[in-house]
There are 2 protein chains.
Amino acid sequence: MKARKIASVIGCRLRRFYCTRMQAIHFNGNELHAVSRRRPRPRRGEAVVRVNLAGICSTDLEIAKGYMEFTGIPGHEFIGTVVSSPVERLVGSRVVGEINVPCGTCSLCRRGLEKHCASRSVLGISGRDGAFAEYLTLPAANLHEVPPEVSDEEAVFTEPLAAACEIPERAGIDSGSTVAVLGDGRLAAQVLAMKARNVTVFGISAAKLAVIRKFGVCSRDASETARFVKRFDVVVECTGSPEGLPAAVELVTPRGTIVLKSTCAGKLAWNTAGIVIDEVTIVGSRCGPFDAALRLLERKEVKVRKLLTAVYTFEKWREAFKHARRRESFKVCIRMS
Amino acid sequence: MKARKIASVIGCRLRRFYCTRMQAIHFNGNELHAVSRRRPRPRRGEAVVRVNLAGICSTDLEIAKGYMEFTGIPGHEFIGTVVSSPVERLVGSRVVGEINVPCGTCSLCRRGLEKHCASRSVLGISGRDGAFAEYLTLPAANLHEVPPEVSDEEAVFTEPLAAACEIPERAGIDSGSTVAVLGDGRLAAQVLAMKARNVTVFGISAAKLAVIRKFGVCSRDASETARFVKRFDVVVECTGSPEGLPAAVELVTPRGTIVLKSTCAGKLAWNTAGIVIDEVTIVGSRCGPFDAALRLLERKEVKVRKLLTAVYTFEKWREAFKHARRRESFKVCIRMS
């Protein structure tokens with residue numbers, strides 16, 4: 001009888017132990033590795049989200065090279081289901097989440113620049129564990145419900161699509177603008193083509209360029225840029241490489257605008273005189289409006305399904321990262337739960 | 001009798017030879033040296049200007065390091081007197097001159113972007129001999145008459161002052177903006193202080209900073225910038241050094257604006273992620289309106305006399321360049337004729 005009771009207590013504790021654990025991918029400053037971790041506990045105002053799908057972004061690949069000196073669980077593109085939330089109606093909902101968590105009280109927050117709050121944490125990028133885990137926490141205010149018309153495989157594109165939606169606003173694009181997209185701007189290209197008639201994507205993967213062409217957007221091999229020096233009113237730099245900005249300065253017309261998107265761990269020595277001589281404007285652009293992105297996905301105005309290169313199970317996360325690094329990959333996701 | 005005639009012919013030819021010659025400072029790709037050259041002949045639409053004073057600009061110092069791969073007579077800041085001109089009323093006038101000579105027919109010229117014409121020449125910088133000579137040629141349309149209230153020593157500042165006048169336009173500065181000027185922005189500081197209440201100049205020469213303070217503009221040693229990280233709405237970069245842009249990115253507030261002025265021969269490896277993360281705007285700015293600059297000089301609204309460090313005779317041009325390179329020098333000029 002006593003032995004049975006002891007076994008029951010041990011079983012109960014083991015169950016409790018395992019119920020509060022989760023599997024995750026962790027970056028220790030040197031390499032990524034799979035870990036078993038205690039599930040995150042929500043702080044005041046935060047919801048707990050069980051992650052369904054998490055997308056691997058080029059920022060994650062840069063983090064694995066040391067970008068932002070981040071250590072912890074990376075990942076910031078996700079779709080999940082709310083497990084607990086201070087906002088009752090969210091519990092059980094499918095959600096995506098804005099990645100910046102501001103203090104809400106500093107002068108930047110008060111000026112409406114919460115995304116730039118100096119003491120913010122950023123999901124899977126800075127000071128906050130991210131989406132390559134079974135569970136994550138975010139303030140309930142950061143979450144957006146996903147309409148039923150939008151599948152998990154579409155919704156996982158919300159964060160990068162929101163960032164793409166910001167580009168036309170920042171660059172002041174109109175229908176007559178000539179626009180070049182440098183690099184893997186498959187979402188940017190579609191959003192920009194809705195605003196401007198003349199959009200050209202320059203890429204290095206023939207397979208990717210063929211897909212972009214199917215969206216009705218002109219695409220060319222990056223080796224052809226020499227023929228287009230100073231030809232574009234707006235150049236959107238999404239190369240994910242330090243070489244991208246000097247290449248954009250070559251392509252943009254005098255008094256034109258470059259939208260800089262790439263955040264890289266690397267450095268490149270180059271001469272910036274061209275920016276002054278041609279009186280170019282460079283606009284850094286990072287995040288964008290989730291509402292607008294979800295509307296585009298709901299109305300199927302942006303096609304993302306063809307951009308989902310592969311979905312891996314958690315056990316195959318190493319293959320997933322390897323696949324994401326391949327030149328021809330668009331978006332590789334990991335099914336977290 | 002015959003001998004006298006021969007002597008007279010020789011004398012006449014010698015006179016004609018010397019009358020068509022001028023002294024100038026030439027850059028051969030390696031070094032500056034004094035030369036005797038044939039006076040420039042005006043092309044269609046061009047005036048001939050006898051140069052009174054020519055200012056040494058940091059661009060000239062960069063040209064002497066190989067910037068723009070220019071060879072010829074440098075110098076683009078000048079005040080002179082018109083010797084001949086297709087516009088009759090200009091002959092005998094004191095003039096300053098816009099430095100870009102466009103084709104007038106290409107698509108950029110037709111769009112009003114003549115200063116960016118791809119086939120333009122630029123006085124003393126690209127494809128056209130400049131102002132470190134007794135005579136120069138420029139299209140009559142490039143010349144601006146100098147009001148009698150403006151002395152030669154003031155008028156020689158017109159070109160850099162015009163460039164400074166462009167900065168508030170490009171950066172969208174208003175009276176509430178907090179503005180930093182990095183480097184030798186003694187003209188920019190004065191122009192900006194007319195638009196914004198809060199202007200701070202960061203420099204490396206105590207003597208220069210003291211002069212700037214006398215204009216009623218706050219000035220600080222560049223070593224103090226660490227205390228002002230992300231504090232300025234607008235940062236104007238006039239350091240003349242490749243280190244200037246990364247330093248400006250450190251100082252500007254998220255969503256703030258950097259006006260980039262420096263054109264250098266050098267390169268610097270740095271990480272541009274800060275531009276994206278803080279969604280900073282960088283605006284290259286090169287030339288500005290001569291009319292506005294002459295108006296400011298005429299009304300004595302910008303004080304330039306204290307910025308004239310020294311005037312050298314042509315014979316002492318080497319000392320002039322040496323003096324211009326000194327950290328504490330504002331503007332060093334050469335009297336050309």
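Keep in mind it's a predicted model, so treat the numbers as computed, not measured.

(A) Geometry of the overall build of chain A. For chain A, the count of helices and strands is 11 helices and 18 strands. The C-alpha radius of gyration of chain A comes to 22 Å, within 12% of the 20 Å expected for a compact globule of 337 residues. Dimensions of chain A, computed from the C-alpha atoms along their principal axes, are close to 85 × 45 × 40 Å. The burial tally for chain A puts 56% of its 337 residues in the buried class. If you take every contact in chain A between residues at least 6 apart in sequence, the share linking residues at least 24 apart comes to 65%. Only carbon and sulfur atoms are counted for the fraction: they give 50% of the accessible area of chain A, which is about 14900 Å².

(B) Representation of the pairing of strand S18 (residues 331–335) of chain A in the model. All names here are of chain A. When you tally the buried positions in S18, you get four out of five residues, the bulk of the element. Taken together, the four bridges between strand S3 (residues 46–56) and S18 define a ladder with antiparallel strand orientation. Bridge pairing in S18 places Ala 54 opposite Ile 334. Bridging between strand S17 (residues 308–313) and S18 involves five bridges; their strand directions are parallel. From the neighbouring strand, Thr 313 faces S18, where its bridge partner is Arg 335. You can see the chain leave S17, run along helix H11 (residues 317–325) and come back into S18, and the turn it takes is right-handed.

(C) Summary view of the relation of the copies chain B and chain A. By a simple turn and slide, chain B fits onto chain A: the slide is 0.0 Å along the axis, the RMSD is 0.0 Å, and the turn is 180°. Between the two chains, the operation in question is that of a two-fold axis. Identified as the residue of chain B closest to the rotation axis by C-alpha distance is B:Ala269, at 1.9 Å. Mapped onto chain A, 100% of the interface residues of chain B are again interface residues, and the two copies thus contact each other with one and the same surface.

(D) The arrangement of the interface of chain B and chain A in detail. The partner chain A presents 41 residues to the 41 residues of chain B that form the contact. When chain B packs against chain A, the two sides together hide about 3300 Å² of surface, and 55% of this comes from carbon and sulfur. Of all residues in chain B, B:Val276, B:Ile277 and B:Glu279 bury the most surface against chain A, accounting for 18% of the area lost on that side. Where chain B touches chain A, the interface holds two salt bridges. Linking B:Arg255 and A:Glu166 is a salt bridge whose minimum nitrogen-to-oxygen distance equals 3.0 Å. If you look at where chain B meets chain A, you find 21 residue pairs in polar contact (both at pLDDT 80 or more). Where the side of chain B that touches chain A is concerned, the elements lending two or more residues are helix H5 (158–171), strand S14 (252–260), strand S15 (268–270), helix H9 (273–277) and strand S16 (281–284) of chain B. As judged from the three bridges shared by strand S16 (residues 281–284) of chain A and S16(B), these two strands associate in the antiparallel manner.

(E) Examining the domain arrangement of chain A more closely. All names here are of chain A. With domains assigned, chain A is organised as domain 1 (18–157 + 304–335) and domain 2 (164–284). Listed by partner, the interface residues are 13 residues for domain 1 and 17 residues for domain 2. Of the roughly 1300 Å² buried between domain 1 and domain 2, counting both surfaces, carbon and sulfur atoms make up 66%. The three residues of domain 1 that bury the most area against domain 2 are Tyr 67, Arg 327 and Phe 330, which together make up 43% of that side's buried surface. If you look at where domain 1 meets domain 2, you find zero salt bridges.

About the criteria used
Residues numbered from 1 in each chain as written. Chains lettered and ligands numbered in written order. Predicted model: local features only at pLDDT ≥ 70, side-chain atom pairs only at ≥ 80, totals over all residues. Heavy atoms only, no water. Helix = DSSP H or I, 4+ residues; strand = E, 2+ residues; numbered from the N terminus. Rg over C-alpha atoms; globule rule 2.2 N^0.38 Å. Buried < 20%, exposed > 50% of the residue type's maximum accessible area, 1.4 Å probe, protein only. Contact = heavy atoms within 4.5 Å. Areas by Shrake-Rupley, 256 points an atom, 1.4 Å probe, with all protein chains shown as cover. Pairing = 2+ DSSP bridges. Right-handed = clockwise from strand over helix to strand, strands pointing away. Least-squares fit on C-alpha atoms with pLDDT ≥ 70 in both. Buried area = accessible area lost by both parts, 1.4 Å probe. Salt bridge = Lys/Arg side-chain N within 4 Å of Asp/Glu carboxyl O. Polar contact = N/O pair within 3.5 Å; in protein donor to acceptor, adjacent residues only side chain to side chain. Domains from an automatic or database assignment.

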